[in-house]
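Listed below are the residues making up each chain.
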Amino acid sequence: MNLEKDVFAGLVTSMAFLTDSILLVGQGPWLKAFDVRNGELLAKSLVLPANRIHRLVLEPRGVNDEGTYAQRRKILAYGAKTLAVLTIEYNIGSSSQLTDQSSHHAEGNDNQKTEVVIRQVQQYGPFTDWIQDVQWLYEDDESGVEATKIAMAFAHNFVEVYDITAERPSRVFRVQCEEQCILYSARFFGNTLSTLYLGSGTVFNEVHVWKVSDKNEEGFAPVQHRLVGHDGVIFGIRFSDDGSLLVSVSDDRTIRVWGLKDQKRKYHVIFGHTARIWDCIMVDQYLVSVSEDTTCRVWNNPYLQEEDEQSDSAMDCLACWEGHAGKNVWSCAVSPNKRLVATGGQDSGVRLWSLKAIQENHIESESDLTAIDLPELESYAPQLEDANEFMRNFVIVDYDVIATFTNQGFLLRYDNDDQKWTALYQDDDFQNYAVMEACREGQFVVSGGLQGHLSICHAYSAFTPLKLKVHNSKVLSVFIFESKDKGVFYIVSIGMEDEFYLFRFDMRIIDEPKIRLVHRLQRSEIKTTIICATISEDDSLLLCGSRESALLIYRIPGIHKDASAEDQPTLSTLALQLRRTHGRQAVSSVLVRPLPETSSHSPGLIVLTTGRDGCFIEYRLLNIASSATEDGPNMDIDADKMDLVDDDDDSDEGQEKKAHGKSLLIEKVYKNRVTKGWAEGAMYMDGELYILGFFRKRFFVFNVAKGFEMLSVACGGAHRAWHFLNDDRKLAKCTFAFFRRNKVNTLFRKCMPSTETFEASVQSNFHGKDVRAITFLGAAIGCQEKFKNMPMIVATGGEDTLLRLSQYVPGDLEGSLISLRTVRKHSSVIKSIVYSIGKETLLFTSGASEELRCWKLDSHPPQGTLASDFDPSKDLLDISCLELAASPLVSDIKETRIMDTSVFCIDAHRGYHILAAAYSDSTTRLWLFDEVAKKFYLIADGVWHMKCLLQIQHLLVEDNAGGQGIIIITSATDGKLAFWNATSVVNQFIESYKAGAILELVKLPEPFYSYQAHLSGVNAIDIKQQEDGSFWLASGGEDNAFALNWLDIRYDSREDVPASATAKADIAKIEGAHASSITGVHIVNRRVLTVSTDQRLNVWDVDTTQGVKLSLGDAHYIDVPDPSAMDVTVHNDTIVVGVTGIGFQLLKSKKLM
Amino acid sequence: MGKSSKDKRDVASITLGGLQAKEQGWRARSAFKLMQLDEEFNLFEGIHRAVDLCAAPGSWSQVLSKRLSENHANNPQEEPPKIVAVDLQAMAPLPGVIQLQGDITKVSTAEQIISYFEGKLSDIVVCDGAPDVTGLHDMDEYIQAQLLLAALNITTHVLRPGGTFIAKIFRGKDITLLYSQLKVFFPVVTCSKPRSSRNSSIESFIVCQNYSPPEGYVPTMANPLLDFHYSGDNQLTGPNRTIVPFIACGDLRHTVQLANTTLSICSSGYDSDMTYALETKENGEYKSLDPLQPPISAPYLKALELKRNNFYNRVA
Ligand SMILES: C[S@@+](CC[C@H](N)C(=O)[O-])C[C@H]1O[C@@H](n2cnc3c(N)ncnc32)[C@H](O)[C@@H]1O
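In this convention, every chain numbers its residues from 1, walking through the sequence in written order. Each chain takes a letter, starting from A, and each ligand takes a number, starting from 1, following the order in which they are written. A pLDDT threshold of at least 70 governs which residues receive local features in this predicted model, and a stricter bar of 80 or more applies before side-chain atom pairs are shown or counted, although totals over entire chains, interfaces and linings include all residues. Computation of side-chain values: all heavy atoms of the structure, hydrogens and water removed.

Within an unreviewed UniProt entry, the label attached to chain B reads Putative tRNA (cytidine(32)/guanosine(34)-2'-O)-methyltransferase, and the organism entered is Umbelopsis ramanniana AG. UniProt positions are given in the numbering used here, feature names are shortened, and annotations may be inferred rather than shown by experiment. If you open the UniProt record of chain B and go to Sequence similarities (unreviewed entry), you find "Belongs to the class I-like SAM-binding methyltransferase superfamily. RNA methyltransferase RlmE family. TRM7 subfamily." What UniProt states about chain B under its Catalytic activity (unreviewed entry) heading is, verbatim, "cytidine(32)/guanosine(34) in tRNA + 2 S-adenosyl-L-methionine = 2'-O-methylcytidine(32)/2'-O-methylguanosine(34) in tRNA + 2 S-adenosyl-L-homocysteine + 2 H(+)".

An unreviewed UniProt entry annotates chain A as WD repeat-containing protein 6 originating from Umbelopsis ramanniana AG. Taken from UniProt, the Sequence similarities (unreviewed entry) comment for chain A reads in full: "Belongs to the WD repeat WDR6 family." Within the UniProt record for chain A, the comment given under Subcellular location (unreviewed entry) is "Cytoplasm".

Structural data, given as structure tokens:
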């Protein structure tokens, strides 16, 4: 049949940067080279047939020569027991998409294309044992430019060295480590035999470092360092460039950094990944790790930090990159210039990340900040000449706008764009003292003065500044909150008296702003200084935090009403006071958000406070009567003495505390310490909580959900006057400012500084977990359109519960599978995908949890392209998938799975489809799907196998009288195949349905024919009618066997026994057709294809001249592990085979057989 | 191997095998696999000495102990049973079973096992070993094969000629190489899949009978067996591959007996793939079953515990 391998999607297990712009990727047996600047595939070569590439090792020194190619580099690729030695020749050209030359300037060679040629020099192996690492070795005296030997480390902890200078490589050295055990990982250090070390990762959780050239009396190499501490198998080991540090990663979900030169054997443990860790690279001060948890994380290398520089353990994580789907990031590599990290996933994806950007999130010195100083006094107050002038306070008005009150009572605005100062206001009442708050939304500044005045000034003088006397003496603090009405704000002003005030500030008419006192709020009897506040308009609550660690809650009824000016302000007393919330430390910020809708405790709020104890606390606040105005006793509770209540939702705290007052119930649900310093603020971005704070000499923003530090700014220590403004989750645009030595030190960030020119996704994602179903959509495409050239579309589904529709696009080096649509609707694994064409094209997906869904498929050429012009080799089909219905659950048993389905259209005009489904509760069920009513109706069911069903197929058999028999074939774990006649139950149901009556569910008649095909589960069946009208039924089993039954199947609508099947010959069976269970069979013309978990695809020739004879034609090795499904289609006169499992592989015949 | 994905149901839902095992006092449902293999191959008749490699939590040892004690009870004049059980993990003690905690791929462990037999040879060696799968199938299959080869190596030291060796295998891409290796020592090699092992799981068992080492073969620990390569009589692809016969076992004879549960479908045998209706007597609610005997330690427990205690954010 001459099948050739085409597209392969699967685990990306190895990567290496050849240069800053060329990334080498080992995926399955192929080595690929990509240009990271534009994602272009530059070269592809099959280097390890029948083995996947586990690692790529570049020769340390590259070679420049005068040949056709500017540069040449040798590389080793190994996998399992084989090793390939390759030479890569390349030229670096300028990338067409290169916009910012600076980062690649050194490499780019104008007017030239980047070219890569992979030449296989030699393939060695199979060796006696599994290879765990290889290394290039130079002569001991370091003479010679090229490496002359290769060292190989094997899984039984021995090393062999081969000389590669001769024609045939010869083994020149072998040594077994004294510790004889199996290794899960190993890594060399050193490039000459005399300086070569091996780090071995043993099954019993230890890392051993041994010198390859040492031998003890027994001839074994002794272990020099035993690094003991991991609680699981070691999956990865790396040395630092100078060999002084070793990093290991393990099954125990930790990274450990060990000092090899350190006498004290001190080591650092890093927790944070939520699953196993596969690899970790040391890059300067960072560690970059990849894990089963589908993330790549960047950490501070704790070993390299000064004792006092060491941050909180939480802050060690600097980035959490999530770009892969499903499960596992298997590989990673760092570019030579250390700007880029590449990651390779289970999902076949190859992604790039900017390591540079992390550096930029870590502002090291104050020189990276803008220090803003007052302009010459003369420029805004020439009359004051020698007055003592300096900034008293400041606020951030907008990303690049700052406002300050000066000692002389001037309010000035600074625009960073043109670095100009503008005087906005002057008032002697604001001399020597000002508290300030700014509102970005309203672009105004509220200030409080020494004499109890408030001023409200627009930053661009849109209205005349307002000034009002509020307090008798100095204003202690002001707060501004946005309301739901655009242009309306609330202002809270707190002075020294026993009450404080809430104003409503209305600037909807911009040049006529109005301010009105709406609430007077009684201060707490206990002396406490409010330093932060927030409101909840919906719940009419004002929540404040105090320096003395209290959380104070006021009811402010009617706040959202746009009351007339005559209304008297109401006096509110404290509704609830919670003291000592953050120990005795200040409550630095308070934040509210509605309880998630799904919560059973609505209505209510989530209240979050941060404190200078370094913690944040989350409360659930239930507003039992939100309209209540009655005066209950106000509650004053010491947080330490709150009742302990059993925790119901397993929060990390393990305890929950409740308190109530005035129809408010507050429950502490979570307390977490994020820093040893101060937690100073919090915000939610896209549902993720960020905590702001100071630790030691730095300001930080910490992503709590993902557990990493997003921004860190050296600012000399904690500051009381600081502001931070941002509005995107990556902090690409933000402003941070603090006040020091009479200057405002500011970080203005307009966008991520390092807009590196690279393609973030070099190779796109496929399913990130096992694929269980594959169907070529052949006829289902183009029903609405007449395509001259049909695109090849494949639907896949599996453990990740996603339905994917992808288009095959041929390419020069390899075809690719381009995802057109990904639909997430199933809640568990998809096991079967079938389609049927009635009025519309319908797709049925089914799987675990009895899910069976019907989708309407629409496919068109892309907008602006005519179907006749559509070129499937470059145009992508516009396909949509609209859910029409889901079948009801009918099994009595939870967890019933739909193992397989088969569907046909019985009445295209009316849109009736019959779907047969095999259920794991052993029941065969027949459904009618009415696409007009968008409904499933259960017609009939039957149980016969008494075992879990595995496969189902339908067969339509014509008789001479113009009747059509509907035959259903099922297989199960009992090894049997059964034939059911469903004709009359289906026809009766349809007839009555047309007449408007829905019949009761009936039992299917017992199967009319069955046979024992296999010893255990029949995993795969295919039935095809032959030219002479007879049928072939091919089956593949768990028992490694492949069977073919040649049958006469008859149906007669006039007879009493309307269906029969008789074997035309003995069942032909190949017992050991594969070495493992067969998971797919497909009849193609007069051949049968079988695929098995042994990763072979066998093509069987069928000879029916005398009985049935099967003989093996071609056989192919399949690169997809655990193949679980196969589909075959004929496309443009070629046979196309798709095999899925852990990944996907497409094979194509040269021409039709 | 897909232990992670395919067998999710083990954790997610109740399984009949689990219930049965609990009812009958077995430490793991694996017990049924050995019993079903026995039904097919009659493994335990008249035998006295057994080695259980990779034995934790110990259900195979329980089966061995029960059957060997029965043998002794039937023929008290013969020697008392001797069972040595080995695992990386600690195992709760079992009466009459010598336990050894160690790695079967390590030479020292093998030597220790050999020493327990004091020169006598065992009648049967069983190995239900399975590594923690990583998801890198070739690697997992390699490690599995190494466990099997380590077990085989120990077997060549302790098994009497004519004895039986049983081991768990993953029928993956290079399984024929293992078949070739086993055939060097055993004329009768059968691959068998007990019905209590899931249809969808890659696991099956290799039953090697009538131990007959090649003439002049001297067992040696210094040079552990390393597996075979593809060659003329066992090719990578094509018709010349070493494939051993397959036998399904345990079906049609094994009846389901549960004290506390009723089966809506009571038929020829328990099917580990099938979804059964189960009602517990109490309230008709599904009761979740803990894994029968949880592993005594799991590598990530520490990490979980630290997380629970807020380690990430805690002040040291
Ligand atoms: C499936 S369990 C065995 C269950 C056991 N037969 C029973 O019935 O209770 C597999 C066992 O293999 C053990 N194992 C894996 N690798 C091992 C090794 N290298 N040496 C010893 N035991 C190992 C594991 O610790 C695990 O307990």
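Visitor: Quick question: what am I supposed to make of the overall build of chain A here?
Guide: Along its length, chain A carries 3 helices and 93 strands. Considering only C-alpha atoms, chain A reaches an extent of 115 × 90 × 60 Å along its principal axes. Type-normalised accessible area, obtained with a 1.4 Å probe on protein chains alone, sets the label of each residue: buried when under 20%, exposed when over 50%, and partly exposed for intermediate values. A burial count over chain A gives 64% of its 1153 residues as buried. Long-range pairs, those at least 24 residues apart, make up 54% of the contacts in chain A with a sequence separation of at least 6. Using a 1.4 Å probe, the Shrake-Rupley method yields the accessible areas, and only the shown protein chains count as cover for residues. In the structure as shown, chain A presents an accessible area of about 43100 Å², 45% of it carried by carbon and sulfur atoms. Treating the 116 positive side-chain charges of chain A as one cloud and the 157 negative ones as another, the clouds have centres 1 Å apart. To qualify as a helix, a DSSP run of H or I must reach at least 4 residues; to qualify as a strand, a run of E must reach at least 2; elements of each kind are numbered from the N terminus. Should any heavy atoms of two residues lie within 4.5 Å, those residues are considered in contact. Neither His nor the chain ends contribute to the count of charged residues, in which Lys and Arg are positive and Asp and Glu negative. Working definition for charges: the position is that of NZ of Lys, CZ of Arg, CG of Asp or CD of Glu.

Visitor: Would you explain the confidence of the model for chain B in this entry?
Guide: In regions of low pLDDT, the predicted coordinates are not meant to be interpreted in detail. Residues and elements named next belong to chain B. Note: pLDDT gives the predictor's confidence per residue, expressed from 0 to 100. The predicted model of chain B has a mean per-residue pLDDT of 77, with 71% of residues at 70 or higher. Throughout residues 1-15 the model reports pLDDT below 50, and contacts reaching past four residues in sequence, or to other chains, amount to 38 contacts. Across residues 309-316, confidence stays below pLDDT 50; counting only partners more than four residues off in sequence or on other chains, it has 23 contacts. This complex was scored by the predictor with a pTM of 0.84 and an ipTM of 0.83.

Visitor: Would you mind showing me how to read the pairing of strand 5 (residues 40-46) of chain A here?
Guide: All names here are of chain A. Taking burial as the measure, the 7 residues of strand 5 include 5 buried ones, the bulk of the element. In this sheet, strand 5 lies alongside strand 4 (residues 30-35) in antiparallel orientation, the contact comprising 6 bridges. What sits directly across from tryptophan 30, in strand 5, is leucine 46. Only when DSSP finds a minimum of two bridges between them are two strands counted as paired. Adjacent in sequence and paired antiparallel, strand 4 and strand 5 are bridged by 4 residues, among which glycine 39 carries a positive phi angle near 80 degrees.

Visitor: What am I meant to see in the sheet that holds strand 41 (residues 477-482) of chain A here?
Guide: Adjacent strands of a sheet pair through backbone hydrogen bonds, lying either parallel or antiparallel. All names here are of chain A. A sheet is described by the order of its strands in space; here 5 strands give the open sequence 41-42-43-44-48, paired in mixed fashion. If you trace the sheet from one side to the other, it starts and ends with strand 41 and strand 48 (570-572), each paired once. This sheet shows a mean twist of 25 degrees between the axes of neighbouring strands, independent of strand direction. Pairing of strand 43 (residues 499-506) with strand 44 (residues 514-522) involves 8 bridges; the strand directions are antiparallel. Paired with leucine 502 across the bridge in strand 44 is histidine 519. To obtain an axis, a line is fitted to C-alpha atoms, over the contacting stretch when the element is a helix, and the angle between two such axes runs from 0 to 180 degrees between their N-to-C directions.

Visitor: Any chance you could explain helix 5 (residues 107-116) of chain B here in plain terms?
Guide: The periodicity of an α-helix, 3.6 residues per turn, causes residues three or four places apart in sequence to face the same way. Residues and elements named next belong to chain B. Within helix 5 the residues assigned to the buried category are Val107, Thr109, Ala110 and Ile113. Within helix 5, the buried residues cover an arc of 160 degrees as seen down the axis, which keeps them to one side. Looking at the buried positions of helix 5, the neighbouring elements they touch are strand 1 (49-53), strand 2 (82-87), strand 3 (97-101) and helix 6 (137-158). Within two residues after helix 5, glutamate 118 carries a phi angle of roughly 45 degrees, on the positive side. Of all possible arcs, the one meant is that of the directions from the helix axis to the C-beta atoms.

Visitor: Hey, could you run me through the site of the ligand in this one?
Guide: Residues and elements named next belong to chain B. Put simply, a residue is near a molecule or strand once any heavy atom of it comes within 4 Å of that molecule or strand. By nearness alone, 19 residues border the ligand, and Gly58, Ser59, Asp87, Asp103 and Asp128 come closest of all. Polar contacts, as used here, are pairs of N or O atoms within 3.5 Å; protein pairs need one atom able to donate a hydrogen and one able to accept it. Residues neighboring in sequence count only if both atoms are side-chain atoms. Separating an oxygen atom of the ligand from a backbone N or O atom of alanine 55 is a distance of 3.4 Å. Taking proline 57, its main chain carries an N or O atom lying 3.4 Å from an oxygen atom of the ligand. In isolation the ligand has 600 Å² of accessible area, and contact with the protein removes 88% of it. Among the residues forming the shell around the ligand, the class breakdown is 9 nonpolar, 6 polar and 4 charged. All residues other than Ala, Val, Leu, Ile, Met, Phe, Trp, Tyr, Cys, Pro, Asp, Glu, Lys and Arg, Gly among them, are scored as polar; the first ten of these are nonpolar and the last four charged.

Visitor: I'm lost on the sheet that holds strand 28 (residues 329-334) of chain A in this one. Help?
Guide: Residues and elements named next belong to chain A. Ordered by their spatial adjacency, 4 strands build an open sheet running 28-29-30-64, and the pairing between neighbours is antiparallel. The outermost strands of the open sheet, each flanked by one partner alone, are strand 28 and strand 64 (761-763). In this sheet, adjacent strand axes meet at a mean angle of 25 degrees when their direction is disregarded. Two strands pair when backbone bridges link them, and strand 28 and strand 29 (residues 340-345) are joined in this way by 5 bridges, in the antiparallel orientation. Residue cysteine 332 lies in a different strand from strand 29, and its bridge partner there is threonine 343.

Visitor: Sorry, what's going on with the confidence of the model for chain A here?
Guide: Residue and element names in this part refer to chain A. Looking at chain A, the pLDDT average stands at 88 and 91% of residues meet or exceed 70. Segment residues 96-108: pLDDT under 50, and 23 contacts once partners within four positions in sequence are set aside and those in other chains are kept. Note on residues 643-657: pLDDT under 50 across the span, and 34 contacts to partners over four residues away in sequence or across chains.

Visitor: Any chance you could explain the UniProt feature "binding site: S-adenosyl-L-methionine" (unreviewed entry) in chain B here in plain terms?
Guide: All names here are of chain B. If you check UniProt for "binding site: S-adenosyl-L-methionine" (unreviewed entry), the listed places come out as Gly58, Trp60, Asp87, Asp103 and Asp128 in our numbering. By secondary structure assignment, the location of glycine 58 is in the loop between strand 1 and helix 4 (59-74). Under the relative-accessibility criterion, glycine 58 is labelled buried at 0%. When sequence neighbours within four positions are dropped, the list of residues in contact with glycine 58 reads Arg27, Met91 and Leu94. Among the secondary structure elements, aspartate 87 is positioned in strand 2. The residues touching aspartate 87, leaving out its near neighbours within four places in the chain, are Cys54, Ala55, Ala56, Leu100, Gln101 and Gly102.

Visitor: Which parts of the structure should I look at to understand the packing of helix 6 of chain B against helix 7 (residues 175-185) of chain B?
Guide: The description of two packed helices rests on the angle between their axes and on the distance between the axes. All names here are of chain B. Where helix 6 meets helix 7, the closest approach of the two axes is 12 Å, and the angle between their N-to-C directions is 5 degrees. Compared by their axis directions, helix 6 and helix 7 come out roughly parallel. Residues Ala145, Leu148, Leu149, Leu152 and Thr156 of helix 6 form the contact with helix 7, whose own contacting residues are Leu178, Gln181, Leu182 and Phe185. Split into classes, the residues belonging to the contact of helix 6 with helix 7 amount to 7 nonpolar, 2 polar and no charged. Note on terminology: angles under 35 degrees are roughly parallel, angles over 145 are roughly antiparallel, angles of 65 to 115 are roughly perpendicular, and the others are oblique.

Visitor: Help me understand the side chain of serine 836 of chain A, please; the structure alone is not making it clear to me.
Guide: Residues and elements named next belong to chain A. Secondary-structure assignment places serine 836 in strand 69 (residues 830-837). Engagement of the side chain of serine 836 in a polar contact is seen with the side chain of histidine 913, the distance being 2.6 Å. Residue contacts for serine 836: discarding those within four places in its chain leaves Thr841, Leu842, Phe844, Val903, Phe904, Cys905 and His913.

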